[in-house]
Structure formats: C-alpha cells, structure tokens
Amino acid sequence: CLTVRWSRVKPKWATTRPKYPATRLALHHFDVAYGSQLGPLWPSVRVALLCEKKYGALINNFSHHDAMAELQLQGCKDFISDTAAAERGGEEVSQSDLQTTSDASVHSNIKCLVFPEETSYLPLLSRPDSDGLLGYYLMDAASVLPCLALDVREGHTVLDLCAAPGGKALTIMQTYDLGFLCVNDSSVSRTMRLRRVLQSYVPKAQLSDAKVHISSFDGTMWGDVERDSFDRVLVDVPCTTDRHSVTEDDNNIFRKNRVGDRRRLPQLQTALLLAGILAARPGGEIVYSTCSLSQQQNQGVVEQAAHLALEQHGIHTQIVDLKPLTQKFSNTFHFAPGLSVGEMVVPHLAANFGPIYMCKLRRLT
Ligand code: SAM
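Since the structure is predicted, the reported quantities are computational estimates derived from the model, not experimental observations.

Draft legend 1. Seen up close, the sheet that holds strand β4 (residues 136-139). Read from one edge to the other, the open sheet built from four strands follows the order β2-β3-β1-β4, with strand pairing classed as antiparallel. This sheet does not close on itself; its edge strands, each paired only once, are β2 (77-78) and β4. Relative to strand β3 (residues 112-114), strand β1 (residues 56-59) is paired through two bridges, and the arrangement is antiparallel. Looking at β3, one finds that Leu-58 is bridged to Cys-112.

Draft legend 2. Inspection of unusual backbone geometry at higher detail. Omega for the bond connecting Ala-164 with Pro-165 falls within 30 degrees of zero, at 5 degrees, which places this linkage in the cis form. The backbone of Asp-228 shows a phi angle near 55 degrees, a positive value even though the residue is not glycine.

Draft legend 3. Representation of the packing of aromatic side chains within the structure. For the structure on display, the rule yields ten aromatic pairs. Between Phe-30 and Phe-254, the ring centres sit 5.3 Å apart and the planes meet at 80 degrees, which makes this aromatic pair edge-to-face. Linking Phe-30 in helix α2 (residues 22-38) with Phe-254 in the loop between α11 (242-247) and α12 (259-279), this pair joins segments that are 224 residues apart in sequence. Cluster of aromatic residues (ring-pair linked, three or more members): Phe-79, Phe-329, Phe-333, Phe-335 and Phe-353.

About the criteria used
- Residues numbered from 1 in each chain as written.
- Predicted model: local features only at pLDDT ≥ 70, side-chain atom pairs only at ≥ 80, totals over all residues.
- Heavy atoms only, no water.
- Pairing = 2+ DSSP bridges.
- Helix = DSSP H or I, 4+ residues; strand = E, 2+ residues; numbered from the N terminus.
- Phe/Tyr/Trp six-rings, centres within 6.5 Å; stacked < 30°, edge-to-face > 60°.

Any functional reading would require information that these geometric values do not contain.
Pasting the structure below:
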C-alpha cells in the first residue's frame with residue numbers, strides 16, 4: 001500500500017519542486033557578483049546574510065504608550081540619541097567634529113532602539129495604547145538611515161515615491177513638523193497595506209488630506225503629474241532584496257519565471273530615480289536607497305540617472321557626502337569601506353543589519 005501511495009505522490013512532487021530553489025540561485029549569483037565586487041569582505045557578509053537578522057524598534061511618538069521606557073528596561077538603546085548625547089557630552093570631541101555634526105543634523109525625535117548584544121532579540125509584538133495606536137514598528141534599523149539622510153526640516157514637503165509597506169514613511173512622519181507628505185506605491189495591494197500601517201500608528205488628524213496624500217501611481221510617470229515641487233524626495237526602489245533572496249523562496253526575484261523582472265531592475269530603478277529628481281524643486285534633496293549590495297543597482301543607477309537628468313532635462317545634480325552621518329553610527333552598523341558614490345551598511349555577524357545602500361543628491365537647477 002505504501003509503495004502505491006509513494007508512486008502516486010512522487011511524480012507530482014518531483015515536477016512541482018524546482019530543481020534549484022530560488023534561494024540557491026540567488027546565492028550562486030551573489031557568489032559570482034559580490035565575490036568580485038566585495039573581494040575578501042564577501043565571505044563574512046555571506047555568512048551574516050544567511051544568519052538571523054537584527055531588528056530595530058522605531059518608537060512611535062504618536063502613541064501614549066511608553067514603549068521606549070519598556071524596551072530600555074530590557075536593555076535596548078536608542079542608537080540615534082545615544083550618538084547625539086555622546087557628541088554633546090564627550091570632552092574629546094574636537095571642533096572639526098562639531099562642524100561635521102551640525103552639517104549632518106540628526107532629528108532627535110526619530111528614535112530607534114536596538115539591543116547592543118548580538119544575541120538578544122526584540123519582542124515582535126507592540127501593544128496598542130488607549131487610542132489603538134501601536135508603540136513601535138519593527139524594521140531593519142539600517143532602514144532608518146536613508147530617512148535621517150533625507151534631513152526633513154520644519155514645513156518641508158516630502159515625496160516617498162515607493163513607500164509600501166511604509167516603514168520609512170512612518171519614520172519620516174516621526175519628525176512631526178513636516179509640511180506635507182505624499183506617499184506613493186504602484187502596487188494597489190501594497191498601498192492598502194501601507195494605509196493600514198499608517199492607520200495603526202498615526203492619529204487620524206495627522207492623516208488628513210491637508211497633511212498626507214496616499215496614491216498608487218507608477219512612480220516612473222510622476223513627472224507627468226507634478227514636477228519641481230518637493231523639498232525632499234525619497235526613492236526607495238524595488239531591488240534584489242539580497243537578504244530575502246537568499247533566505248526565502250516565497251516571492252523571490254531569483255525564481256525562474258522572474259528572470260525578466262530581475263534583469264529590468266536597473267532600468268526601472270534609474271527611471272524611478274530620474275522621476276524623483278524631476279519631482280524635487282531646484283535646491284531640493286533626493287535620497288536613493290536599496291537593500292542590495294549590487295554596484296549595478298546602486299552606484300550604477302545613481303550615475304545613470306544623474307547623467308539622464310542633465311542630458312534630457314538640463315538638470316544639474318550634486319552628490320552630497322553622507323560620511324558625516326555614517327561616522328556617527330559606526331558603533332552600530334558596519335559600513336562598506338571606500339565607496340566612491342553613496343554609503344552602504346553591510347551585514348556583519350556582530351551587527352547583523354542591512355544591506356542598505358543610500359546616496360543623497362542635491363538638485364542644483
Ligand atoms: N519604502 C518602503 C518601506 O520603507 O517600507 C519599501 C519600498 S520597497 C523596497 C519597493 C516598493 O516599490 C515596493 O512596494 C513596490 O511595490 C514599489 N514599486 C515597484 N515599482 C514601482 C513603480 N514603478 N512605481 C512606484 N512604486 C513601485
């Protein structure tokens with residue numbers, strides 16, 4: 001009886017199961033690409049990518065629940081304010097360091113807690129307060145960095161072009177004093193998820209039409225709707241999501257039937273960044289980010305989009321140095337050494353965040 005059952009089940013199982021799972025294809029691809037791009041750094045980054053990642057808890061300033069105190073009691077530390085406090089209080093801080101600090105302002109009202117020890121993990125569930133708003137949002141702590149780099153100031157109008165599921169939009173909203181926020185994502189289902197995330201963390205009054213606009217456009221076409229207007233634009237593009245690609249077969253961009261999507265990524269990313277540049281006002285700033293280590297999806301895209309902005313639209317851009325910002329956080333994250341364009345958090349067993357690449361552009365004309 002067992003033999004009969006096995007012979008019925010086996011062929012179906014054998015034909016539906018791919019010969020090489022997407023995670024294995026991804027790892028093979030990365031071994032080739034990152035082996036040569038990162039050289040001796042790659043083996044340790046590879047191990048970290050395959051190990052359990054660390055989270056950060058973005059504190060929700062809109063919640064009455066004091067999640068910050070609760071997590072601090074468990075040993076968590078706010079990696080942003082701790083750095084700012086060390087800079088203010090440290091006698092050894094030199095005048096030139098202080099100059100750098102003021103250049104790369106860090107909003108003290110964005111708080112993200114991490115466990116300093118690599119072995120401790122944050123509780124996954126955050127409790128709602130009396131208004132039903134959750135106390136913190138779990139995300140890769142390195143994802144907060146592009147939002148800090150964006151440097152949103154009082155009254156700024158901000159566009160988050162690829163915003164779902166909403167971790168970075170929520171981080172930007174923690175700065176309180178922004179003027180107007182447009183959050184967009186081309187996927188209707190993901191935009192619905194984004195809306196649910198915002199509703200779980202932000203009071204209704206802060207989500208009024210006068211303050212937040214949620215849309216579901218193809219971001220590459222944003223210029224057809226609105227140009228030259230935003231003070232800040234975040235372009236957090238779809239990418240090979242390297243950590244996901246080596247650990248999860250579900251929705252994996254290395255699946256055989258998604259080869260076309262993967263090959264078109266740099267083209268899509270360039271079109272999105274170009275649209276972000278067009279959406280910013282002259283003098284405005286744009287942050288491009290990915291969660292991939294790929295030079296082609298990172299530096300390659302930034303250079304190509306800046307080139308197209310000039311060639312096709314006569315728009316000059318300038319790369320803004322993010323070193324002053326990353327230096328502040330070098331105790332929490334491992335940054336790739338010697339990148340010529342942008343900064344990148346690389347996964348490391350002792351600080352298993354990232355990968356996150358970010359590059360900031362200023363629109364000059
Ligand atoms: N910023 C988000 C956050 O912090 O939660 C993550 C964004 S995710 C890396 C990239 C997003 O880009 C996906 O939600 C995807 O649906 C969206 N996307 C893909 N193509 C797009 C396009 N042409 N226009 C706008 N969004 C797009």
